[in-house]
Amino acid sequence: MQGEVIEANLNPVPTQLVHRPGFSSFKTTFPIPYAARWHRDLLIQLTLDPAIDSIEYERTAMGDEDLLNLRLIAAGTAIQVTALRDAEDIPHRPEPSNRVFLRRSVVLMEPRVSDARAVWATRRLTVQVGDRLRILSVVGDWRPHSIFDLVPSVRDRANDPFEIILSLVCRGDLTIDLRDGLRPETCVVKSKRRADLRPTA
């Protein structure tokens, strides 16, 4: 679908969105302001998407809180993403080929949205150093492993081993592909990027 180019600046935070703390992950440089819960769902999904390398915020000149503009880097290519509530909101003029429009209904598709929320809920879990190193050792061969394959590497009995593994995904140590759902058989591979120690929100 084609649309109108939206004039934007990278990173500055508009004052009307400061009422939220902003979204941070190992793929963001600055907290990304968002006005709606489904915007946060999109940011979570992009963070967990192994094809996306970084996420940046673009401020729009439009005062529409249902609109979220992002600049993504994937395999060295910049992609402009405009997330909007309804298909009717998509402009109908020619648009650069690197702009993608995402509707709210697509972001909230099940089971992806619930699976992504479930994974992201583990982001603040404390992972013992030994468990982290054992898991990274197993995936160090760069071959795909299932989540279930990594469970024996977890010695911490105070926390669920599946949640410990998913917490490492939230930190950027591991990557998973949620397109086929979240199951014990879901494939896990070592992240090709160095995990960032910035806190997530």
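Whatever comes next refers back to the structure up there.
First, a word on scope: everything that follows refers to the structure included in this document. (Residues numbered from 1 in each chain as written. Predicted model: local features only at pLDDT ≥ 70, side-chain atom pairs only at ≥ 80, totals over all residues. Heavy atoms only, no water.)

**Focus on the pairing of strand β3 (residues 68-74)**
Of all seven residues in β3, six are buried; the element is thus mostly enclosed. Across five bridges, the pairing between strand β2 (residues 54-60) and β3 is antiparallel. Bridge pairing in β3 places E58 opposite N69. Strand direction decides the pairing type here: β3 and strand β4 (residues 77-84), joined by seven bridges, are antiparallel. Among the inter-strand pairings, N69 is bridged to a residue of β4, identified as T82. Connecting the antiparallel pair β3 and β4 is a turn made up of two residues, with A75 showing a positive phi of about 55°. (Buried < 20%, exposed > 50% of the residue type's maximum accessible area, 1.4 Å probe, protein only. Helix = DSSP H or I, 4+ residues; strand = E, 2+ residues; numbered from the N terminus. Pairing = 2+ DSSP bridges.)

**Things to note about the pattern of salt bridges**
If you walk through the whole model with that rule in mind, you get seven salt bridges. Note that R143 and D141 form a salt bridge whose closest N and O atoms lie 3.0 Å from each other. A salt bridge links R179 to D177; the shortest N-O distance between them is 2.6 Å. Taking the relative accessible area as the measure of exposure, R179 reaches 72% and is therefore exposed. Judged by relative accessible area, D177 falls into the partly exposed class, the value being 29%. (Salt bridge = Lys/Arg side-chain N within 4 Å of Asp/Glu carboxyl O.)

**Brief notes about the environment of T186**
Tracing the sequence through the fold places T186 in the loop between β7 (174-176) and β8 (187-190). Setting aside chain neighbours within four positions, we find T186 in contact with H145, S146, I147, I176, D177 and G181. (Contact = heavy atoms within 4.5 Å.)

**Some details on helix α3 (residues 112-120)**
Of all the residues in α3, the buried ones are V113, D115, A116, V119 and W120. Each buried residue of α3 lies within a common arc of 165° when the element is viewed along its axis, so the set occupies one face. On the buried face of α3, the contacting elements are α1 (37-48), α2 (104-107), α6 (161-171) and β7. (Arc of directions from axis to C-beta.)

**Structural notes on the sheet that holds strand β6 (residues 145-146)**
What the three strands build is an open sheet, ordered β6-β8-β7; its pairing is antiparallel. With partners counted over all chains shown, the strands left at the sheet margins are β6 and β7, one partner each.

**Focus: the packing of helix α4 (residues 129-139) against α6**
Taken N-terminus to C-terminus, the directions of α4 and α6 make an angle of 75°; their axes are 11 Å apart at the nearest point. The orientation of α4 with respect to α6, classified from their angle, is roughly perpendicular. Of α6, the residues touching α4 (which contributes D131, R132 and I135) are I164, I165 and L168. (Axes fitted to C-alpha atoms, helices over the stretch in contact; angles between N-to-C directions. Parallel < 35°, antiparallel > 145°, perpendicular 65-115°, else oblique.)

**What about the packing of α1 against α3?**
The interhelical angle for the contact between α1 and α3, taken along N-to-C directions, is 75°, at an axis separation of 9 Å. If you check the angle between α1 and α3, you find them roughly perpendicular. Between α1 and α3, the residues in contact are R37, R40, D41, I44, Q45, T47 and L48 and R112, V113, A116, R117, V119 and W120, respectively. Residues belonging to the contact of α1 with α3 are distributed by class as follows: six nonpolar, two polar and five charged. (Nonpolar A, V, L, I, M, F, W, Y, C, P; charged D, E, K, R; others polar.)

**So, the side chain of N69**
Within the element layout of this structure, N69 appears in strand β3. Here the side chain of N69 touches T82 through a polar contact of 2.7 Å, side chain to side chain. (Polar contact = N/O pair within 3.5 Å; in protein donor to acceptor, adjacent residues only side chain to side chain.)

**Looking at the environment of A116**
Positionally, A116 belongs in helix α3. Leave out the neighbours within four places in its chain, and A116 touches I44, Q45, L48 and L178.

**So, unusual backbone geometry**
Cis geometry is adopted by the peptide bond preceding P111, which originates at E110 and carries an omega value of 5°. Locating P111 in the fold gives a position in the loop between α2 and α3. Here A75, not a glycine, exhibits a phi torsion of approximately 55°, which is positive. Relative to the assigned elements, A75 resides in the loop between β3 and β4. Although it is not a glycine, W142 adopts a positive phi angle of roughly 65°. You can see W142 is positioned in the loop between α4 and β6.

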